[in-house]
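Observations on the three-dimensional arrangement
Each chain, written out:
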Amino acid sequence: EPEVTQTPSHQVTQMGQEVILRCVPISNHLYFYWYRQILGQKVEFLVSFYNNEISEKSEIFDDQFSVERPDGSNFTLKIRSTKLEDSAMYFCASSVDPSAPGELFFGEGSRLTVL
Amino acid sequence: GENVEQHPSTLSVQEGDSAVIKCTYSDSASNYFPWYKQELGKGPQLIIDIRSNVGEKKDQRIAVTLNKTAKHFSLHITETQPEDSAVYFCAVNAGGTSYGKLTFGQGTILTVHP
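Here we summarise the structure given alongside this text.

Cut-offs used in this document
- Residues numbered from 1 in each chain as written.
- Chains lettered and ligands numbered in written order.
- Predicted model: local features only at pLDDT ≥ 70, side-chain atom pairs only at ≥ 80, totals over all residues.
- Heavy atoms only, no water.
- Contact = heavy atoms within 4.5 Å.
- Salt bridge = Lys/Arg side-chain N within 4 Å of Asp/Glu carboxyl O.
- Polar contact = N/O pair within 3.5 Å; in protein donor to acceptor, adjacent residues only side chain to side chain.
- Helix = DSSP H or I, 4+ residues; strand = E, 2+ residues; numbered from the N terminus.
- Nonpolar A, V, L, I, M, F, W, Y, C, P; charged D, E, K, R; others polar.
- Pairing = 2+ DSSP bridges.
- Axes fitted to C-alpha atoms, helices over the stretch in contact; angles between N-to-C directions.
- Buried < 20%, exposed > 50% of the residue type's maximum accessible area, 1.4 Å probe, protein only.
- Phe/Tyr/Trp six-rings, centres within 6.5 Å; stacked < 30°, edge-to-face > 60°.

A separate point is the interface of chain A and chain B. Tallying the contact residues gives 18 residues for chain A and 20 residues for chain B. In this assembly, chain A and chain B are joined by 0 salt bridges. For the pair chain A and chain B, the number of links is 4 residue pairs in polar contact (both at pLDDT 80 or more). When contributions to the side of chain A that touches chain B are tallied by element, the ones reaching two or more residues are strand S4 (31–37) and strand S5 (43–50) of chain A. At 3 residues, S4(A) tops the list of elements feeding residues into the side of chain A that touches chain B. In terms of residue class, the side of chain A that touches chain B is made up of 10 nonpolar, 4 polar and 4 charged.

What follows is the structure in structure tokens.
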């Protein structure tokens, strides 16, 4: 069964460092997302990406965050200068058709710990 | 913005019993209501969803009911099994054709005792 894969599974970084989280969405999917889940809290939308540009972003997704699809398979989330409060599980997701309701396929997540 | 409230936060049942989890939402423009199951160390996985033009949807032991007037929807699991133990999240879309931007509830930890 096709799946969304994320790397790394866990990253520990010092405050102020740059972090890049990587995702390989399902190959025929067109719409890509990042969500995050702070420990013990709800899953929160960060950003959606379609046709090589950001479609929507939340208030959380400030200038410290950026997304990129550098090639035909990878989708990355970059945090320029990490803060303690960026510690969370980051989930990448993808879907087939952005204009119709359907399943969002989530990866298993990348746990980011900022010290 | 959208506000989604989910109850209860924890639910403990005996194997074979039914479990019901409820969510309320605030934005009347929302028209897509999925439920996700999250097992330990994994990402959320869709288990059932419903659109606003339908009042109920069933898939084997799982069903979802929607009351658009009251802005609430519920997940029903019948004949629960220990493997149903997980965290369950309801979610709501932003309305219109924005199906990927979801607002999640706080989650319900379901424990099914053998």
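What follows continues from the structure just given.
This paragraph deals with the sheet that holds strand S6 (residues 56–59) of chain B. All names here are of chain B. Reading across the sheet, the 5 strands line up as S1-S3-S8-S7-S6 and stay open at both edges, with antiparallel pairing between neighbours. A single partner strand is all that each edge strand has here, and the edge strands are strand S1 (4–7) and S6. With direction set aside, neighbouring strand axes in the sheet form an average angle of 15°. For strand S7 (residues 62–67) and strand S8 (residues 72–77), the ladder comprises 6 bridges, and the chain directions are antiparallel.

Looking now at the sheet that holds strand S7 (residues 65–68) of chain A. Residue and element names in this part refer to chain A. One open sheet accounts for 4 strands, arranged S1-S3-S8-S7; its pairing is antiparallel. Unpaired on one side and paired on the other, strand S1 (5–7) and S7 mark the two borders of the sheet. For this sheet, the mean angle separating the axes of adjacent strands, direction not counted, is 20°. For strand S3 (residues 19–24) and strand S8 (residues 75–79), the ladder comprises 5 bridges, and the chain directions are antiparallel. Its bridge partner being in S8, Val19 is matched across the sheet by Ile79.

Applying the stated criterion across every chain, the model contains 4 salt bridges over all chains. A salt bridge links A:Arg36 to A:Glu44, with the nearest nitrogen and oxygen atoms 3.2 Å apart. Take A:Glu44: its relative accessible area is 23%, and that puts it in the partly exposed class. For B:Asp84, the salt bridge is made with B:Arg61, and the minimal N-O distance between the two is 2.9 Å. With B:Asp84 in the loop between S8 and strand S9 (86–93) and B:Arg61 in the loop between S6 and S7, the pair connects residues that are 23 residues apart, well separated along the chain. Here B:Asp84 falls in the buried class, since its relative accessible area comes to 7%. Of the residues examined, B:Arg61 reaches a relative accessible area of 22% and is grouped as partly exposed.

Time to look at the packing of aromatic side chains. Scanning the model with the defined rule gives 19 aromatic pairs over all chains in all. A ring pair is formed by A:Tyr35 and A:Phe45, whose centres lie 5.5 Å apart and whose planes are at 75°; its orientation type is edge-to-face. Highlighted residues: A:Tyr35 in strand S4 and A:Phe45 in strand S5, separated in sequence by 10 residues. Of the two residues examined, A:Tyr35 and A:Phe45, each falls in the buried class. Between the aromatic rings of A:Phe106 and B:Phe104, the centroid separation amounts to 6.3 Å while the plane-to-plane angle is 75°, which identifies the pairing as edge-to-face. Taken together, the positions of A:Phe106 in strand S10 (residues 105–106) and B:Phe104 in strand S10 (residues 102–104) put the pair across two chains.

These figures capture arrangement, not role.
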